[in-house]
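Each chain, letter by letter, is given below.
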Amino acid sequence: MFRGDRDKDTICAVSTPHGVGGISVIRVSGPNTYSIVSKICSFLPEHPESHKAYFGSLKSLAQGNQEAEEIDEVLATYFKHGRSFTGEEVIEISCHGSPVICQSILQQLVLLGARPADRGEFTYRAFMNGKLDLVQAESVLSLIESQSQQAARLALRQLKGSVSQKLEVIEDDMTWVLALAEAGIDFSTEGIQVVEDSVVIARLEKIQSGLEELVSTFKVGRLLKDGFRVVLTGLPNVGKSSLLNLFLEDERAIVTDIPGTTRDVIHGDTSYKGVKFTFLDTAGLRESVSDLVEKIGIQRSREATGESDVVFFVFDIEKGISPEEVTILDGLDPQRTYILANKTDRLSGLPDRKTVENALKNSKFFQKIGDLEGFFKRKVFFVSALDKKVRAQVLDELVNEFADLQMENTVLISNSRHLENLSRALENTKRAKSVVEDGLGEEFLALEFKEALIAIQETLGKRFDDQIMDRVFKEFCIGK
């Protein structure tokens, strides 16, 4: 990705979002930063102080008979080599937020020898210069892209090293075990046992426990990062679209009394208690459909349900749960299904849970529920799409279902690359433990454990190749 002499170039890019704004920031990084910028920012002193901003007029280069022209009044903030984000000499030019001004300044910088930066090249240089490890570099992108308070907090914890520190402890333990295995191989011909097997097994169990703990956090970490994907499903005309509009606090879906109004999956994002939710309203499920478009919509509904984190099964409490609806429920997972008995505003009295119990008592869905009382308490809601209090009532329970979301100091992983590597390291560690327990020898222990250590080092970026770098940095924006 970024290789060879290009890594020694002085690079420049706009680091703030493109478009019109109050200010824009142009970042310049590399060995020739000061010599380039000082030619157009003559107000900079000969020996600028690190982390200090200097104000003055930025002027274009004088060319031929054309005199230098003032482009803008700017602030130029200087960062000394070793004390910047990238670890290189950096100057950040804060100018007025006009795309024309930004482009004019960039043109001057390129004329003086700077190169436009590639995607993520500033963060890549920070990684290469030891300012960040690879986990922290990825958290920079997660922080930029965070769409909820919880996601931003998680990314910030990872940027500060919460995951990295735990991985480094695991890496140290792995290195200790591997060193003993290598020493055992050297002394095996002399019949010397470097350390008792019980000591090695105890250390392997500690490593395994640490890896299992991290791997188990991925589900919560991903939900914090990407949010809950919630699908509303059920028969036509039970009020799914009305509930979608209620949860989104927006008239996103068309609502009519005509069954089959919703033909495709409609989605929208919202936030509640710092957590992002993506709600999907699906076409009503029914078998006897002649309309081709509605058939396609129903098929997409089933696909969306299968890919969701949570399913809201909606039925009309006034009509009760029909055999067709029981069949739909039988195909759902009770662990991620909530039942919303809708249209309670049409009842003359209070809703009765017996309506649901009687309909479910002989169903496959009911048989898969271990704690029926707990299920009804936490996952069955009697609601009306006309009652705005329903939104908080339902989403409170959904957030509380994942108590770890509120644990600010919990170390969580949220990146699929990390999950892949740590899962691989965990399997190698389990096999290494079996090798020791079965007395197969240090050679087999070293073989398994080298692979586990490589997986941890690839996660941290202590071992990497072009493929890993491309995977990490390809999603970055230019200027970061």
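- Going by an unreviewed UniProt entry, the protein carries the name tRNA modification GTPase MnmE and comes from Bdellovibrio bacteriovorus.
- Check the Subunit (unreviewed entry) section of the UniProt entry for the protein; it says "Homodimer. Heterotetramer of two MnmE and two MnmG subunits."
- UniProt annotates the protein under Sequence similarities (unreviewed entry) with the comment "Belongs to the TRAFAC class TrmE-Era-EngA-EngB-Septin-like GTPase superfamily. TrmE GTPase family."

**Observations regarding the pattern of salt bridges**
Reasoning step 1: Applying the stated criterion across every chain, the model contains 26 salt bridges.
Reasoning step 2: One salt bridge in this structure joins Asp118 and Arg115, with 3.7 Å as the shortest N-O distance.
Reasoning step 3: Among the residues examined, Asp118 registers a relative accessible area of 26% and is labelled partly exposed.
Reasoning step 4: Linked by salt bridges that have partners in common, Asp9, Glu88, Arg115, Asp118, Glu121 and Arg125 make up one network.

**Remarks on the nonpolar core**
Reasoning step 1: Counting 46 residues, the largest nonpolar core has Leu243, Phe277, Phe279, Phe312, Ile339, Leu340 and Leu398 as its most contacted members.
Reasoning step 2: Looking at this core element by element, the count peaks at six residues for strand β10 (residues 310-316).
Reasoning step 3: Core analysis: the second largest hydrophobic core is formed by 31 residues, Leu167, Ile201, Phe449 and Ala452 among them.

**Side note on the packing of aromatic side chains**
Reasoning step 1: On inspection of all chains with the given rule, the structure shows eleven aromatic pairs.
Reasoning step 2: Ring geometry for Phe247 versus Phe279: centroids 4.9 Å apart, planes at 0°, classification stacked. Placement of the pair is Phe247 in helix α9 (residues 240-248) and Phe279 in strand β9 (residues 275-281), with a sequence separation of 32 residues. Taken as a pair, Phe247 and Phe279 share a single burial class, namely buried.
Reasoning step 3: Their ring planes at 20° and their centres at 6.0 Å tell us that Phe277 and Phe279 sit as a pair that is stacked. One exposure class covers both Phe277 and Phe279, and it is buried.
Reasoning step 4: Members of the aromatic cluster, connected to one another through ring pairs, are Phe228, Phe247, Phe277, Phe279, Phe312, Tyr338 and Phe381.
Reasoning step 5: The cationic tip of Lys379 hangs over the ring face of Tyr338; the distance from NZ or CZ to the ring centre is 5.2 Å.
Reasoning step 6: Positioned over the ring face of Phe85 is Lys480, at 4.3 Å from the centre of the ring.

**Topic: helix α17 (residues 442-460)**
Three or four residues apart is the spacing at which side chains of an α-helix point the same way, because the helix has 3.6 residues per turn.
Reasoning step 1: For α17, built from 19 residues, the straight-helix expectation of 27 Å at 1.5 Å per residue is met to within 8% by its first-to-last C-alpha distance of 26 Å.
Reasoning step 2: Residue Gly461 follows α17 closely and has a positive phi angle near 90°.

**Some words on empty space enclosed by the protein**
Reasoning step 1: This model, assessed by the stated rule, comprises one cavity of 30 Å³ or more.
Reasoning step 2: By volume, the largest cavity is sized at about 40 Å³.
Reasoning step 3: Looking at the largest cavity, the residues that line it are Val135, Glu138, Ser139, Ser142, Gln158, Lys225, Ser414, Asn415 and His418.
Reasoning step 4: The greatest single-element share of the lining of the largest cavity, amounting to four residues, is contributed by helix α4 (residues 134-145).
Reasoning step 5: Here the lining of the largest cavity is built from residues that sort into one nonpolar, six polar and two charged.

**Quick word on α4**
Reasoning step 1: With twelve residues, α4 extends 17 Å between its outermost C-alpha atoms, agreeing within 8% with the 16 Å of an ideal straight helix rising 1.5 Å per residue.
Reasoning step 2: Taking burial as the measure, the twelve residues of α4 include nine buried ones, the bulk of the element.
Reasoning step 3: Of the positions making up α4, those classed as buried are Leu134, Val135, Gln136, Ala137, Glu138, Ser139, Val140, Leu141 and Ser142.
Reasoning step 4: For α4, the N-terminal cap is Asp133; the gap from its side-chain oxygen to the backbone nitrogen of Val135 is 3.1 Å.

**Looking at the sheet that holds β9**
Reasoning step 1: A sheet is described by the order of its strands in space; here six strands give the open sequence β8-β9-β7-β10-β11-β12, paired in mixed fashion. Whereas interior strands pair on both sides, the edge strands pair on one side only; in this sheet they are β8 (266-272) and β12 (380-382). Each strand of the sheet is rotated relative to its neighbour by a mean of 25°, with strand direction disregarded.
Reasoning step 2: The sheet contact formed by β8 and β9 spans seven bridges and is antiparallel. The residue bridging Gly268 from the neighbouring strand is Phe279, located in β9.
Reasoning step 3: Sheet contacts for helix α11 (residues 323-330): β10 and β11 (337-342); angle to β10, the most-contacted strand, approximately 175°.

**Details of the environment of Leu332**
Reasoning step 1: Looking at the secondary structure, you find Leu332 in the loop between α11 and β11.
Reasoning step 2: Through-space distance from the C-alpha of Leu332 to that of Phe365 is 7.3 Å; in sequence the pair is 33 residues apart.

**Re the pairing of strand β7 (residues 228-233)**
Reasoning step 1: By the criterion of burial, β7 is predominantly enclosed, with five of the six residues buried.
Reasoning step 2: Relative to β9, β7 is paired through five bridges, and the arrangement is parallel. Pairing of Arg229 across the sheet is with Thr278, part of β9.

Definitions and cut-offs
Residues numbered from 1 in each chain as written. Predicted model: local features only at pLDDT ≥ 70, side-chain atom pairs only at ≥ 80, totals over all residues. Heavy atoms only, no water. UniProt positions renumbered as here; feature names shortened; annotations may be inferred. Salt bridge = Lys/Arg side-chain N within 4 Å of Asp/Glu carboxyl O. Buried < 20%, exposed > 50% of the residue type's maximum accessible area, 1.4 Å probe, protein only. Core = buried A, V, L, I, M, F, W, Y, C linked by side-chain atoms within 4.5 Å. Helix = DSSP H or I, 4+ residues; strand = E, 2+ residues; numbered from the N terminus. Phe/Tyr/Trp six-rings, centres within 6.5 Å; stacked < 30°, edge-to-face > 60°. Lys NZ or Arg CZ within 6 Å of the ring centre and 35° of its normal. Expected span 1.5 Å × (residues − 1). 1 Å grid on protein atoms, 1.4 Å probe; cavity = no way out; pocket = protein on both sides within 12 Å on 5 of 7 lines; lining within 4 Å. Points joined across faces, edges and corners; volume = space filled by probe spheres on them. Nonpolar A, V, L, I, M, F, W, Y, C, P; charged D, E, K, R; others polar. Polar contact = N/O pair within 3.5 Å; in protein donor to acceptor, adjacent residues only side chain to side chain. Pairing = 2+ DSSP bridges. Axes fitted to C-alpha atoms, helices over the stretch in contact; angles between N-to-C directions. Contact = heavy atoms within 4.5 Å.

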